[in-house]
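# Structural overview for review
Listed below, chain by chain, are the residues.
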Amino acid sequence: MPQSPETEDDLPEQMRVRREKRQRILDAGEDPYPVTVERTHTIREIVESYDAEGLGPDHHTGVTAAIAGRVIFLRNTGKLCFVRLREGDGTEIQAMLSLAEVGEERLGEFKQLVDIGDHLQVTGEVITSRRGELSVMATSWRLAAKTVRPLPVEHKPLSDEARSRMRYVDLIVRPEARENVRVKAAVLKSLRATLDDRGYIEVETPVLQHTNGGAAARPFDTHVNAFDEDALLRIALELHLKRALVGGIDKVYEIGKTFRNEGVDNTHNPEFMMLEAYEAYGSYDTMAELTRDLVVNAARAVGKTVVPARDGGTIDLEAPWRRATIHELVAEATGADVTPTTTEEDLVALAERHDVALQDHWGAGEVLLELFEKLVEHTLIQPTFVCDYPESVRPLAKRHRSVPGLVEAWDLIINGVELSPAYSELNDPVIQRERLEEQARLAAAGDPEAMDVDEDFLRALEFGMPPAGGMGLGVDRLVMLLQGIGIREAILFPISRRE
RNA sequence: GGGCCUCUAGCUCAAUUGGCAGAGCAGCGGACUUUUAAUCCGCGGGUUGUGGGUUCGAGUCCCACGGGGCCUACCA
């Protein structure tokens, strides 16, 4: 835990010692935090250039290198010191400091002043040690940046709390933490590449909004001082990307943060990365193909096309994906006959038989959705497109081309978790207004997640939005799936309470 | 929101029935020119989350508050 002691005397012993070392360096006329240090090679360049086994032990390459990295291991023996340096990508190399090469004074200072955790620069010949390990035999050393706080023990895992609160420390001591960062970057790069290859245009749209819309969620409140107006943080990207569609950006996507002022648990963080893509003249069928490509390409990009499932099995993302209607899935799970014409009364009775609690104001659509979420969703381990929802639970989707009462929408479930929704997008401004006004009635009745009537969005639709397919994808959840980790590991700096 | 668990040295964890607060790593001093979580000798390091209470005596028991976790509920 960070501390702010009143005086130096209050510092924990190890911090006091390290501060004293910093001061001693200053007193000796050296800079413990130089602007820059000499660096002729990255550690990676050296490690990749030499094959220590091929060279054999005690080999001298005759090549002099200046390298820098964080001290992660230190062995101060009498006249020969060993120090393991690591650079940001995780590459490590050993440096050796001998009495013969650096002299008694500098060797003594090294032992006195350098700690595990410091950033250190050494210059010397690239050699192999007597044990055959690729090393730099230093002729000089210099601190690149002094570390005044002791690092945690490398061999014991940090507590979960310390991991997420002090990710900077987690990244130093845990390779998986570093890997998660790089995997997420690779996933983002792959998502963009898949979309860019198909001719999609990336845009950015406002985070600060006047109305709540695009999803069912509680927003964060904020305030715009310049207008003295209250505002909201967006819960989805949808309504602005559709405005872009109206304007003729026929294939459009955005990757960005969205914010939902709701629960925090192992699959929910209040701010999270969302991808949404819209394609003019597409439909939820073309979005299914796109989504599968996005997920499979991302999986290939990080070399994880077969991932562990939470039921102990595995998921082969390259295998065929199932497609089933929500009615079929609920029927399958309950053994009851469930179809789009099943009455609300029968659905309520079915919920009672399966101990699914309902809310009074729900209609048939909400009851069906609740049955699905409580009885089916967590059982869908292999990738499944859950299709064709009741109109009332998907207010932004277009009516089904052949089944009355349904809309063309699907949810992709993998490993029991919703990863991606998609619609054939509603573009009739009259019906859209009716649906949003119904949402506004729910909001007025106290539903904190209901959407507002976004008059500007409706005005845009009135100018004509082409028929379109649209999809969304939770980027953090894709990383969770590929890495088999929770959301607090998939997000570099997840939310936590003020300390 | 409800229930259960947890918070002790820089880190990870011990501490019997309420009876001197400990270990490993890390740190400090010493030895060691080939170490890999070195080894050996010696030494420091604590407001036991915070505030109350019970008690001759509290890390331990009670109350309140705070942080974290799990389950549950809610929330796509």
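Look a little higher up for the structure.
Right, let's walk through the structure included here. Keep in mind that this is a model prediction, so the values were computed, not measured.

Reading the values: the criteria
Residues numbered from 1 in each chain as written. Chains lettered and ligands numbered in written order. Predicted model: local features only at pLDDT ≥ 70, side-chain atom pairs only at ≥ 80, totals over all residues. Heavy atoms only, no water. Axes fitted to C-alpha atoms, helices over the stretch in contact; angles between N-to-C directions. Helix = DSSP H or I, 4+ residues; strand = E, 2+ residues; numbered from the N terminus. Parallel < 35°, antiparallel > 145°, perpendicular 65-115°, else oblique. Left-handed = near helix turned anticlockwise from the far one by under 90°. Contact = heavy atoms within 4.5 Å. Nonpolar A, V, L, I, M, F, W, Y, C, P; charged D, E, K, R; others polar. Buried < 20%, exposed > 50% of the residue type's maximum accessible area, 1.4 Å probe, protein only. Arc of directions from axis to C-beta. Near = heavy atom within 4 Å.

### What about the packing of helix 7 (residues 175-197) against helix 15 (residues 475-483)?
Geometrically, a packed helix pair is captured by the angle between its two axes and the distance between the axes. Contact geometry for helix 7 and helix 15: axes closest at 10 Å, N-to-C directions at 120°. Between helix 7 and helix 15, the interaxial angle falls into the category oblique. Judged by the twist between their axes, the crossing of helix 7 over helix 15 is right-handed. For the pair formed by helix 7 and helix 15, the contact residues are Glu179, Asn180, Val183, Lys184, Val187, Leu188 and Leu191 on the first element and Val475, Asp476, Leu478, Val479, Leu482 and Gln483 on the second. Taken together, the residues of the contact of helix 7 with helix 15 break down into 8 nonpolar, 2 polar and 3 charged.

### What to know about unusual backbone geometry
Backbone phi values are negative for most residues with the exception of glycine, while trans is the configuration of most peptide bonds. The residue Asp228 is not glycine, and still its phi comes out positive at about 50°. Relative to the assigned elements, Asp228 resides in the loop between strand 8 (221-224) and strand 9 (229-233). Judged by relative accessible area, which is 59%, Asp228 ranks as exposed. Positive phi, normally seen in glycine, also occurs at Asn415, with a value near 60°. Relative to the elements of secondary structure, Asn415 occurs in the loop between strand 16 (406-414) and strand 17 (417-424).

### What about helix 11 (residues 344-353)?
For helix 11, every residue scored as buried is listed here: Leu347, Leu350 and Ala351. Buried residues of helix 11 fall within an arc of 100° about the axis and therefore sit on the same side. Turned more than 90 degrees away from the buried face of helix 11, the exposed residues are Glu345, Glu352 and Arg353. Those residues of helix 11 hidden inside the fold are in contact with helix 10 (326-334) and helix 12 (364-376). Asp355 sits one or two residues past helix 11 and shows a positive phi near 55°.

### Focus: the protein's contact with RNA strand B
In the vicinity of RNA strand B, 44 residues are found, and the nearest of them are Glu13, Phe73, Arg75, Arg131 and Glu449. Those elements giving two or more residues to the surface near RNA strand B turn out to be helix 1 (13-27), strand 1 (60-76), strand 2 (80-86), strand 3 (92-98), helix 4 (99-113), helix 5 (160-165) and strand 17. For the surface near RNA strand B, the element with the highest residue contribution is helix 1, accounting for 4 residues. Here the surface near RNA strand B is composed, by residue class, of 16 nonpolar, 10 polar and 18 charged.

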